Structures are given as structure tokens and as C-alpha cells.
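Below are the chains, spelled out letter by letter.
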Amino acid sequence: MTLLAAAGPAGRVSSALAVILTAVTVAAGGAAWLVRNRPESIAPPERPRRVTPVLQREGDGSERLAISPDGRTAACLDSDGWFHLYRSDGSLALRRQFRGALLMDVADAGRRAILGGTGRGGWWVRIVDSRGNTIWRQTGGGSVKGVAITPDGTSAFATVEGSRMYVFDLRDSPRWRRIRTDIPPGPVRYSPVADALLTETDEPPGFGMVGLDGRSRWWVRRGPGRLWLDTAAQGALVLATFEEPGIHPRAGFALYTAMGRRLCEVSLEGLEPRAAVSADGNRVALSYRRKLVSREKWVMERRVGMWTGRGRRLWEVGGLFFKPVLAGLVENPAGVVVAEDYTLLSALDAGGRLAWRGPALRDPLVYLVHDESWRLAWARYRDGSLDLWSL
């Protein structure tokens, strides 16, 4: 419908009002478009901090870090064997030295922990309580490859050199079994859903699930390159992030069920992948770097995107001046937490738009170690220092 202005003074007033209304409409439409499509360089209004640092400590980058599955305790093991256990408010619950300790895992709000290390005669494994008292100690020749403990602390596991696995029953009087495994396991992680151990192997390279009887449930062979493993939904899903070298290097992820069925695989040309899976397994986020070539010049661009658990891409963003380092997924907003190059913590919402920014971090963030529900997290910085975050 077209409106025609009347002649005379009234017509001029109507024309002026029409111009003003048009300008207001255009301005409102432009503002709405800007809100929907604002660039990452435009900061949103101030929002409450999404993290609360409860502890800061020095480090050299060699520390082993762990969060109990219930998100109530955090553990740190340094290169001198000092084992520190912290409550969720950052207060120290335990400090004890275990010389030669290299590996550890914690469970049941810190009431149980397993440590593995080396001594004069070979490897050793200790299972300790919340006061640092030894519940069980096992020794053997060779080296320890991995340790794990169930979330309730009733069972613990250790993999050692020579395709052997030790299973410890801690429910009443401690008992143990030594089992030979089908594949030579490395680092392990317990899956409550499968009641088995997720492990990575070097020779041949790959990963899979080993049952508590030592038999291989399933195994996936991987080519040359780097591999990172993570779990979600209480071990019901396995996320494998990979980087494959070559003239055109590839970066991506694959999502599997605990029974070994592959749900999806995403492979893109790029480098330095970082991936995270939501607690329910419905979303996977991937950050990677790729080379942009224009004539004889080239630059590296960092991109981040989100996919469904079936591999369908929902969104992907990037740019020369937008270089996020993927940290993980949060529930509100249901998006990706990133730490940009200038050490500012940010979040992208479910549509890939900037949701909030802040707080500023004191140094570039290397990675986070957290529980599945994002209650508690260790933050490691480029200078080796550590923060404990309450989320």
C-alpha cells in the first residue's frame, strides 16, 4: 500500500512525519540487524563473570591435574611427587609427598586416589584415602603406563609394561588381580557405562576399550599423527580429536559410543585441533587453524565451529583477528567457551554469535581440565601457572 501526502501545510507536516517515521524504522531495523550480525570486535554489555578463581598457584607445566567426577575436589601432582588435594572453595585438604609419582586419578570427592610411579626396583602403585594414608601398595618390574579409579572409589586400575593390567577391589578388605590384556594398553580412563577402560596404544597406534577381563571390546587403528581422547555422558561417548600430517594436513574429530559404534567423523584441512563435547553428547565443538593463501602471501586463520552428535555442522566462524582457543561447552549460553589471543575469556552462543566477554585472563590460556558438568576446572597458562576455577 502506498501513502500519498496531502497538499498544503498539513501535507508538509505529514511528509515530515513520514520522513521521521521512515528514519526511525530504518534505524530500528539497522540496530536489529547489528544485534543479529554484530562482529566479534564489538563488545556486548557487561555481564556477570562466568568463572570464579578460587586458587592460584605457581607451576612449570609438568604437573598432573585432575578433577573428581562429582566436581567437588581438585588434585595436582608436581614433578617432585607432591600430591595436593583441594576442596571446591580452593582450600587445601591434603598435601603429601610420594617420591617418584608420575600419574594419579581421584574419585568420591577426594576420599580415594590412586597414584603410580617409579622406584629403584621398577613401578609402584598406591591407593590412598583423603588423609593420605595408604590403603594398598603394589610393586613390579618395568614401568606403569596408566592409572584410573571408579567414580565411587570402590575399584581402581593400573596398566603396566608388558600388556598387563591390575584390578583392585577396595570395597571391603582390598583384593587385587593381575590380568594379561589383548592389546598393550597405555593411559587409561574408566567408563562407568561400559564398565571398561578407554585406552590409547602406541604399537600399533590406535585406541579402544578394554574390559576388566583384559579382553579388547573394540579398537580403532589410527594413522600417523597426534590423538587426544575425551569422554562424555559418564563414559557413554568417546571423543577422539586427531591431527594428520601431510602436504595438506587434516584436523578433526570422531565421536563413538562406548560400544565402539562410530556416530560421526569430521575431517577438515587444518592444524592444531581442539575439540570438546557437551555433557549430554548432543553437541561437539572444534577449533583449528588453517592457511589462507592470497597470491604469494599467506596467513594462518583460527576457526571454531559446532556440530551435532551426528556430524551436521551448525555454524562455523573465524577470521584473522578472531583466534579463539577452544575450552569447552557450557549450558548457559549453550555455546563454546573460548580464550582469545589477548587473554580475554569469551563465549559464543548456540548460533555462533558473541554472547559475553570477560573476565580478562592474566596470561594466554593453554587448556582446561574439568569435570563433565563444568563445576570445577584447572586452568593452565602459558607461563606454567595454574588457576582453580569454580564454574
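Each value, and the rule that gives it
Residues numbered from 1 in each chain as written. Predicted model: local features only at pLDDT ≥ 70, side-chain atom pairs only at ≥ 80, totals over all residues. Heavy atoms only, no water. Helix = DSSP H or I, 4+ residues; strand = E, 2+ residues; numbered from the N terminus. Buried < 20%, exposed > 50% of the residue type's maximum accessible area, 1.4 Å probe, protein only. Contact = heavy atoms within 4.5 Å. Areas by Shrake-Rupley, 256 points an atom, 1.4 Å probe, with all protein chains shown as cover. Pairing = 2+ DSSP bridges. Polar contact = N/O pair within 3.5 Å; in protein donor to acceptor, adjacent residues only side chain to side chain. Phe/Tyr/Trp six-rings, centres within 6.5 Å; stacked < 30°, edge-to-face > 60°. Lys NZ or Arg CZ within 6 Å of the ring centre and 35° of its normal. Axes fitted to C-alpha atoms, helices over the stretch in contact; angles between N-to-C directions. Salt bridge = Lys/Arg side-chain N within 4 Å of Asp/Glu carboxyl O. pLDDT = per-residue confidence, 0-100.

Draft legend 1. Quick peek at the overall build of the protein chain. Across its full length, the protein chain carries one helix and 32 strands. In the protein chain, which comprises 391 residues, the share counted as buried stands at 48%. Long-range contacts, defined as pairs at least 24 residues apart, comprise 39% of the intrachain contacts of the protein chain with a sequence gap of at least 6. Of the roughly 19900 Å² that the protein chain leaves accessible, carbon and sulfur atoms contribute 50%.

Draft legend 2. Representation of the pairing of strand E30 (residues 365-370) within the structure. Pairing geometry for E30 and strand E31 (residues 376-381), over five bridges, is antiparallel. Bridging across to E31, Leu-368 finds its partner in Ala-379. Counting the residues that bridge the hairpin from E30 to E31 gives five residues, and of these Trp-374 lies at a positive phi of roughly 60°.

Draft legend 3. Region of the structure containing the side chain of Ser-385. When you line up the elements, Ser-385 lands in the loop between E31 and strand E32 (386-390). Of the polar contacts made by the side chain of Ser-385, one reaches the side chain of Asp-383; its length is 2.6 Å.

Draft legend 4. Summary view of the packing of aromatic side chains. Per the counting criterion, the structure on display carries 10 aromatic pairs. Pairing Phe-157 with Tyr-190 gives two aromatic rings, centres 5.5 Å apart and planes at 15°, and the pair type is stacked. Within this pair, whereas Phe-157 is found in strand E11 (residues 155-160), its partner Tyr-190 is found in strand E14 (residues 188-191), the two being separated by 33 residues in sequence. Among the aromatic residues, those joined into a ring-pair cluster are Trp-123, Tyr-166, Phe-168 and Trp-176. Seen from the ring of Trp-82, Arg-95 lies directly overhead, with NZ or CZ sitting 3.9 Å from the centre. The ring of Trp-124 carries Arg-126 above its face, with NZ or CZ at 5.9 Å from the centroid.

Draft legend 5. Quick peek at the sheet that holds strand E16 (residues 206-211). Read across the sheet, four strands follow the order E14-E15-E16-E17 without closing on themselves; strand pairing throughout is antiparallel. Edge positions in the open sheet fall to E14 and strand E17 (216-221), since each of these has one partner strand only. Taking the axes of each pair of neighbouring strands and ignoring which way they run, one obtains an average angle of 20° across the sheet. Bridging between E16 and E17 involves five bridges; their strand directions are antiparallel. Along E17, the bridge assignment pairs Met-209 with Trp-218.

Draft legend 6. How the structure looks around the sheet that holds E31. Pairing within the open sheet is antiparallel, and its four strands lie in the order E1-E32-E31-E30. Taken across any chain shown, the strands that pair with only one partner, and hence form the sheet edges, are strand E1 (52-57) and E30. Going across the sheet, the axis of each strand differs from the next one's by a mean of 25°, ignoring polarity.

Draft legend 7. Highlighting the environment of Arg-96. Following the sequence through the fold, Arg-96 ends up in strand E5 (residues 92-97). The partly exposed category is assigned to Arg-96, whose relative accessible area is 31%. Each C-alpha atom of the pair Arg-96 and His-84 lies 6.8 Å from the other, and the pair is 12 residues apart in sequence. Discounting residues that sit within four places of it in the chain, Arg-96 has contacts with Gly-81, Trp-82, Phe-83, Arg-131 and Gly-132. Only 3.2 Å separates the side chain of Arg-96 from the backbone oxygen of Gly-132, close enough to count as a polar contact.

Draft legend 8. Inspection of the pattern of salt bridges at higher detail. One pass over the full model with this rule turns up 16 salt bridges. Between Glu-272 and Arg-302 there is a salt bridge, and its shortest N-O distance comes to 3.3 Å. Of this pair, Glu-272 sits in strand E22 (residues 271-277) while Arg-302 sits in strand E24 (residues 297-308); the two residues are 30 residues apart in sequence, bridging distant segments of the chain. Connected via shared salt-bridge partners are Arg-290, Glu-301, Arg-303, Arg-313 and Glu-316.

Draft legend 9. Spatial organisation of the confidence of the model for the protein chain. Put simply, the protein chain has an average pLDDT of 81, and 81% of its residues get 70 or more. Confidence over residues 1-49 falls short of pLDDT 50; this stretch has 25 contacts with residues more than four positions distant or in other chains.

Draft legend 10. Region of interest: unusual backbone geometry. With phi around 50°, Ala-233 is a residue other than glycine that occupies positive phi space. Among the secondary structure elements, Ala-233 is positioned in the loop between strand E18 (226-232) and strand E19 (237-244). Backbone geometry places Gln-234, a non-glycine residue, at a positive phi of 55°. Along the polypeptide, Gln-234 turns up in the loop between E18 and E19.

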